[in-house]
Amino acid sequence: MIERLRSAWLGALTSVALAATLLFALVIAPPDSVQGDAARLLYLHVPAAWLAYLAFFVTAVASALYLWPRTRRPAWDHLAGASAEVGVICTGLTLFVGSVWGKPIWGPWWEWEARLTTTAVLFFLYLGYLALRRLGGRGAERRNAIAALIAFVDVPIVHFSVNWWTTLHQEGSVFNDRMQVSITDPLMSFTLWLAVGSFTLLYVWCCITRMRLLELEDGQAERDLARAIEARVAPTATVSA
Amino acid sequence: MSFASEAVLIAAKDLRIEARSRVATAQILPFGGIVLLLFAFALDPRRNVLPTVAPGLFWIAVLLSSLLAVSRSFAIEADHGARDGLRLAGLDGGAIFLGKAAAVAVELLALEVILLVGVVGLYDVEVHGLVVIVPAAILATVGLAAAGTVYGVLAAGLRVRETLVPLLVLPAVAPVLLAATRAFELALGEELADAWRWTSLLGVFAVVSSMVGVVAFGPLLEES
């Protein structure tokens, strides 16, 4: 009960913070001197990208804690799953918003830039992890935790190789300079920080809510099993009685 | 039995099964060949793009074939409780991993030699820089086989493994495709110093994925 109340407070706080972010991002913050209103997309793009990486990091840590025998609790598995789900949504959002922003600023929808490409590979890497999680079954928690750690080990290698690829072949590319948006306006940088903060709250709230749902699903599965055993046992019990 | 001889035992078992069943030679090899032909249809040979993109096409063909090889490597243990037998054989999980990965790597290397001949013949590629191409191919193959074997056992007991393995493996081995393609391109263009840099990245991937496999394979086999 107390937990639910706390989650309700967190939900309320998140809503207020998001409303404030919306107000600042769309109305109060000035348009960028070079990019105009397109720069406002950054107030969604930057938090989404940050959360994607945070979420995958949390998934890896929670998976490691699940694998470590002393800290093994179902809650870590739930956290890993909840965080990865939010992470995949954020990664998809990062790519989508990045493309929408890139079209007026760069010209093409997509640019083979290191961070963008790494994020795209990451998206598919964790889609695979979520597909694996959906399967469940015996020993699924341990299997999922190992898979999450393997994916996490792969991330730096993907990043490094893609980085090398793009810098070796596109040296002096104009796009890398144009990637940078120099935020000097204090109102704009405040809005950006507010957006990062409020979306992080949203991430925490989503994780908590999703974890509780996963816990209930586990409980349901156990109840189903108990009921099935009871149904199998009951007829013989009446016969013998 | 020592760790190494256990690994050799498993590799020999897998290769013996392949030699007798001929699935690798009768199915996976022709698959690689038809992929090479289809690339030529997609990228009209008369426009002369094939020699330029040949390294990438070669590695895509190898990558797709490696998915089949990995699936096959675990399909041979799917029936008649063979995986239970493997689990109960008392062998070290890491050794089983190395054995299975080595068998896949040997199959892939044989495939690569034939595909390379195909690429040279069909795509009109002149081979230079073999001194880099050979180690790059070996390291890339070790990386592909190791990563594939880890994901193979991860999905081994699952009903949807045929569809799941490609989704798990392809993003994970993206760095191998990238590095192996660049290494081949640079080696063919005789820019050997840069080709070695990519080859070293392939080495890092091969070592990391092999280490991950040695550690993770045992627990994953238990849960499969």
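Each remark here, short or long, concerns the structure printed above.
Let us look at the structure shown here. (Residues numbered from 1 in each chain as written. Chains lettered and ligands numbered in written order. Predicted model: local features only at pLDDT ≥ 70, side-chain atom pairs only at ≥ 80, totals over all residues. Heavy atoms only, no water.)

Below, the discussion takes up helix H4 (residues 114-135) of chain A. The α-helix advances 3.6 residues per turn, and as a result positions three or four apart in sequence lie on the same side. Residues and elements named next belong to chain A. Between its terminal C-alpha atoms H4 stretches 33 Å, which fits the 32 Å expected from 22 residues at 1.5 Å a residue. When you tally the buried positions in H4, you get 16 out of 22 residues, the bulk of the element. Positioned one or two residues after H4, Gly136 has a phi angle of 60°, which is positive. (Helix = DSSP H or I, 4+ residues; strand = E, 2+ residues; numbered from the N terminus. Expected span 1.5 Å × (residues − 1). Buried < 20%, exposed > 50% of the residue type's maximum accessible area, 1.4 Å probe, protein only.)

It is worth spelling out the side chain of A:Ser161 at this point. Topologically, A:Ser161 is positioned in helix H5 (residues 140-169). Overall, the relative accessible area of 1% leaves A:Ser161 in the buried class. Leaving out residues up to four positions away in the same chain, A:Ser161 has contacts with B:Pro175, B:Leu178, B:Trp198 and B:Leu201. (Contact = heavy atoms within 4.5 Å.)

Further remarks concern the nonpolar core. The biggest cluster of nonpolar side chains holds 116 residues, and the ones touching the most others in it are A:Tyr126, A:Tyr129, B:Trp59, B:Tyr123, B:Leu144, B:Val173 and B:Trp198. Ranked by residue count, the leading element in this core is helix H6 (residues 130-154) of chain B, at 13 residues. The next biggest cluster of nonpolar side chains, apart from the first, holds 6 residues, and it includes A:Ala38, A:Leu42, A:Trp106 and A:Leu116. (Core = buried A, V, L, I, M, F, W, Y, C linked by side-chain atoms within 4.5 Å.)

Once that is clear, we can look at a nonpolar patch on the surface. Judged by side-chain polarity, A:Leu22, A:Leu23, A:Leu26, A:Val27, A:Ile28 and A:Leu187 come together as a nonpolar surface patch covering roughly 550 Å² of accessible area. Structurally, the position occupied by A:Leu26 is in helix H1 (residues 2-28). (Patch = residues over 30% accessible without salt bridge, like charges linked within 9 Å, V, L, I, M, F, W, Y side chains within 5 Å. Areas by Shrake-Rupley, 256 points an atom, 1.4 Å probe, with all protein chains shown as cover. Salt bridge = Lys/Arg side-chain N within 4 Å of Asp/Glu carboxyl O.)

With that settled, the discussion passes to the environment of B:Ala140. All names here are of chain B. Structurally, Ala140 can be placed in helix H6. In this structure Ala140 comes out as buried when scored by relative accessible area, which is 0%. Counting along the chain gives 69 residues from Ala140 to Ser209, while the straight-line C-alpha distance between them is 11 Å. Each residue touching Ala140, except ones within four places of it in the same chain, is listed here: Trp59, Val176, Ala180 and Leu202.

Let us look at helix H5 (residues 93-123) of chain B. An ideal rise of 1.5 Å per residue puts 45 Å on 31 residues; H5(B) measures up with 42 Å between its terminal C-alpha atoms. Of the residues trailing H5(B), B:Asp124 is marked for its positive phi of about 60°.

All names here are of chain A. A contiguous patch of negative charge on the surface is contributed by Glu3, Glu215, Glu217, Asp218 and Glu222. At 4 residues, the largest contribution of residues to the negative patch is made by helix H7 (residues 186-240). Considering the arrangement of structural elements, one finds Glu3 in helix H1. (Lys, Arg positive; Asp, Glu negative; His and termini not counted. Charge placed at Lys NZ, Arg CZ, Asp CG, Glu CD.)

Moving on, we get to the packing of aromatic side chains. All names here are of chain A. Taken as a whole and judged by the stated rule, the model has 14 aromatic pairs over all chains. A centroid spacing of 5.4 Å and a plane angle of 75° characterise the contact between Phe123 and Phe124, whose relative ring orientation is edge-to-face. According to the relative accessible area criterion, Phe124 is partly exposed, its value standing at 43%. Here the aromatic residues Phe56, Tyr126 and Tyr129 are joined through ring pairs into a cluster of three or more. (Phe/Tyr/Trp six-rings, centres within 6.5 Å; stacked < 30°, edge-to-face > 60°.)

Contact residues are listed per partner, giving 26 residues for chain B and 28 residues for chain A. Buried area between chain B and chain A, summed over both chains or domains, comes out near 2,500 Å², and the portion from carbon and sulfur atoms is 74%. Linking chain B with chain A are 1 salt bridge. B:Glu222 serves as the salt-bridge partner of A:Arg142, at 3.5 Å between the closest nitrogen and oxygen. Where chain B touches chain A, the interface holds 0 residue pairs in polar contact (both at pLDDT 80 or more). Considering every element that reaches the side of chain B that touches chain A, the biggest residue donor is helix H9 (residues 192-223) of chain B, with 11 residues. For the side of chain B that touches chain A, the residue count by class is 21 nonpolar, 1 polar and 4 charged. (Buried area = accessible area lost by both parts, 1.4 Å probe. Polar contact = N/O pair within 3.5 Å; in protein donor to acceptor, adjacent residues only side chain to side chain. Nonpolar A, V, L, I, M, F, W, Y, C, P; charged D, E, K, R; others polar.)

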